[in-house]
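Chain residues, written in single-letter form:
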Amino acid sequence: METVTVTHGRPEASATRRTASRRPVAATIAALWAVLHLGLALGRLTGLEVTPWAGADPSVLSALSTSTVAVLVAALSAVSLVALALGRNYDGRPAQVAGGLLLGVGLVVALALADVRSLTLLGYLPMVLLHYIGVEPFAGQDITIPAPVFLSLTHSVGGVGLLLTGLAVLTGSRVGGSTAAAEDREDVQRRRVAALRVGRWAVGVAVAAPLVYASTRVAWALGIPFGVSDEFLVMLGDAKYAGLGLGLFGIAGALLTVGLVQRWGEVFWAWLPRIGGRPVPVSLAVVPALFVAMAVISAGIGFAVIILGGEIDGLPGEPVDWGAWAPELLWVPWGIALGVAALAYRVRREASLPPP
């Protein structure tokens with residue numbers, strides 16, 4: 001049975017300080033996204049050769065024109081700026097409304113405006129670095145990163161900034177609004193212990209899903225046609241090494257995810273110089289996890305639309321090459337589980353729960 005250390009004194013004040021310390025960075029990122037893309041959207045609508053969004057396949061918005069999406073981006077950006085102002089200057093009900101708006105806009109931005117290219121860039125990043133370092137066979141490959149890839153990445157980053165700001169505003173609006181009775185605080189602590197249990201289950205899913213995906217890509221890099229035909233593997237050529245980068249990214253992510261429910265995810269290893277034995281900053285674990293979770297869900301939704309919509313012929317290979325498309329169906333549950341695990345970690349750390 002998990003035990004809870006109840007902190008006496010003024011938990012409201014400490015929670016307020018934690019919320020206030022997190023809000024500026026995330027809010028700044030959210031505001032930068034809103035201002036940048038409001039300008040791009042208005043520029044697009046007035047005839048300038050700029051765009052706040054570039055279509056991709058797969059994408060949940062691929063059926064819409066760029067001008068239509070520009071109207072959507074302009075509206076989301078304007079709502080974000082208003083909500084940021086409300087959350088900064090007001091408490092109570094206005095702050096709760098602002099927090100809800102920021103969460104809603106953040107989800108749309110991170111899951112719909114962003115697309116599979118954000119995850120692709122993350123997965124290919126090791127290969128890009130090896131290319132510029134001069135490591136073969138990556139050094140000889142022609143690697144260029146198109147501008148729309150970075151545009152998708154701005155939506156992923158901005159969406160997470162909006163989500164974190166919304167969470168901080170909602171937390172701050174509930175803290176200090178009224179003095180909770182002792183039994184209410186105990187009830188909150190019980191819910192936090194329950195969140196720890198949920199987090200452990202979520203970590204299990206968030207670890208298993210990427211390992212399934214990674215097993216196919218690592219096998220291809222080793223010349224093993226796992227889940228595909230020999231012809232498909234030959235057709236891939238050197239592209240199989242790009243898949244290896246994605247597979248290794250998934251394995252590394254799975255290992256880091258385990259830390260969300262382990263002591264080494266709360267306290268740095270003692271042998272690390274200067275930081276050994278110190279607590280791991282909550283944001284150091286939560287922010288990257290939420291970012292990857294949103295990128296994975298966004299990419300997974302796009303692939304699910306194609307696969308479940310009967311358009312699988314548009315993907316590389318043949319339908320019988322299940323290794324090329326089936327693992328992508330796990331991306332949505334993977335991302336959801338990772339997001340749940342990150343939030344459970346945040347709740348547990350902020351509740352001063354002991355390491356498991």
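Our subject in this report is the structure included herewith. (Residues numbered from 1 in each chain as written. Predicted model: local features only at pLDDT ≥ 70, side-chain atom pairs only at ≥ 80, totals over all residues. Heavy atoms only, no water.)

In this section: the packing of helix α2 (residues 66–89) against helix α3 (residues 93–113). In a pair of packed helices, the angle between the axes and the distance between the axes together describe the arrangement. Across the interface, α2 lies against α3 with an axial gap of 9 Å and an inter-helix angle of 150 degrees. By the angle between their axes, α2 is roughly antiparallel relative to α3. Judged by the sense of rotation from one axis to the other, the crossing of α2 with α3 is left-handed. Listed contacts from α3 to Val69, Val73, Leu76, Val79, Ser80, Ala83, Leu84, Leu86 and Gly87 of α2 are Pro94, Ala98, Leu101, Leu102, Val105, Val108, Val109 and Leu113. Counted by class, the contact of α2 with α3 contains 15 nonpolar, two polar and no charged residues. (Axes fitted to C-alpha atoms, helices over the stretch in contact; angles between N-to-C directions. Helix = DSSP H or I, 4+ residues; strand = E, 2+ residues; numbered from the N terminus. Parallel < 35°, antiparallel > 145°, perpendicular 65-115°, else oblique. Left-handed = near helix turned anticlockwise from the far one by under 90°. Contact = heavy atoms within 4.5 Å. Nonpolar A, V, L, I, M, F, W, Y, C, P; charged D, E, K, R; others polar.)

This part takes up the packing of aromatic side chains. Evaluated as defined, the whole model comprises six aromatic pairs. Here tryptophan 220 and phenylalanine 232 contribute two aromatic rings whose centre-to-centre distance is 5.6 Å and whose plane-to-plane angle is 65 degrees, an arrangement assigned as edge-to-face. You can see tryptophan 220 sitting in helix α6 (residues 182–221) and its partner phenylalanine 232 sitting in helix α7 (residues 230–236), a full 12 residues away along the chain. The exposure classification of tryptophan 220 matches that of phenylalanine 232, with both residues buried. On the basis of an interplanar angle of 85 degrees and a centroid distance of 5.5 Å, the ring pair of phenylalanine 226 and tryptophan 322 is categorised as edge-to-face. (Phe/Tyr/Trp six-rings, centres within 6.5 Å; stacked < 30°, edge-to-face > 60°. Buried < 20%, exposed > 50% of the residue type's maximum accessible area, 1.4 Å probe, protein only.)

On to the nonpolar core. Judged by nonpolar contacts, the single largest core of 46 residues is most densely connected at Leu260, Met294, Leu315, Trp331, Trp334 and Leu338. For this core, the secondary structure elements donating two or more residues are α3, α4 (116–133), α5 (147–174), α6, α8 (239–258), α9 (282–308) and α10 (331–350). Excluding residues that lie within four positions of it along the chain, methionine 294 makes contacts with Leu107, Ala110, Leu111, Val160 and Leu163. (Core = buried A, V, L, I, M, F, W, Y, C linked by side-chain atoms within 4.5 Å.)

A cluster of nonpolar residues, Leu125, Leu129, Ile133 and Val135, forms a patch on the protein surface that exposes about 360 Å² of accessible area. Following the sequence through the fold, leucine 125 ends up in helix α4. (Patch = residues over 30% accessible without salt bridge, like charges linked within 9 Å, V, L, I, M, F, W, Y side chains within 5 Å. Areas by Shrake-Rupley, 256 points an atom, 1.4 Å probe, with all protein chains shown as cover. Salt bridge = Lys/Arg side-chain N within 4 Å of Asp/Glu carboxyl O.)

Before going further, it helps to examine the pattern of salt bridges. In this structure the tally under the stated criterion is three salt bridges. Between glutamate 328 and arginine 217 there is a salt bridge; the shortest N-O distance is 3.1 Å. Of the two residues, glutamate 328 is situated in the loop between α9 and α10 and arginine 217 in helix α6; the sequence distance between them amounts to 111 residues. The burial state of glutamate 328 is the same as that of arginine 217; both residues are buried. In this structure, glutamate 266 engages arginine 348 in a salt bridge whose closest nitrogen and oxygen atoms are separated by 2.1 Å. One end of the pair, glutamate 266, is in the loop between α8 and α9; the other, arginine 348, is in helix α10, with 82 residues separating them in the sequence. Note on accessibility: glutamate 266 and arginine 348 belong to one class, buried.

Below, the discussion takes up the packing of α3 against α9. It is at 7 Å that the axes of α3 and α9 come closest, and there the two elements cross at 55 degrees. Here α9 runs oblique to α3, going by the angle between their axes. Facing Leu107, Ala110 and Leu111 of α3, the residues of α9 in contact are Met294, Ile297 and Ser298. Per-class residue counts for the contact of α3 with α9 are five nonpolar, one polar and no charged.

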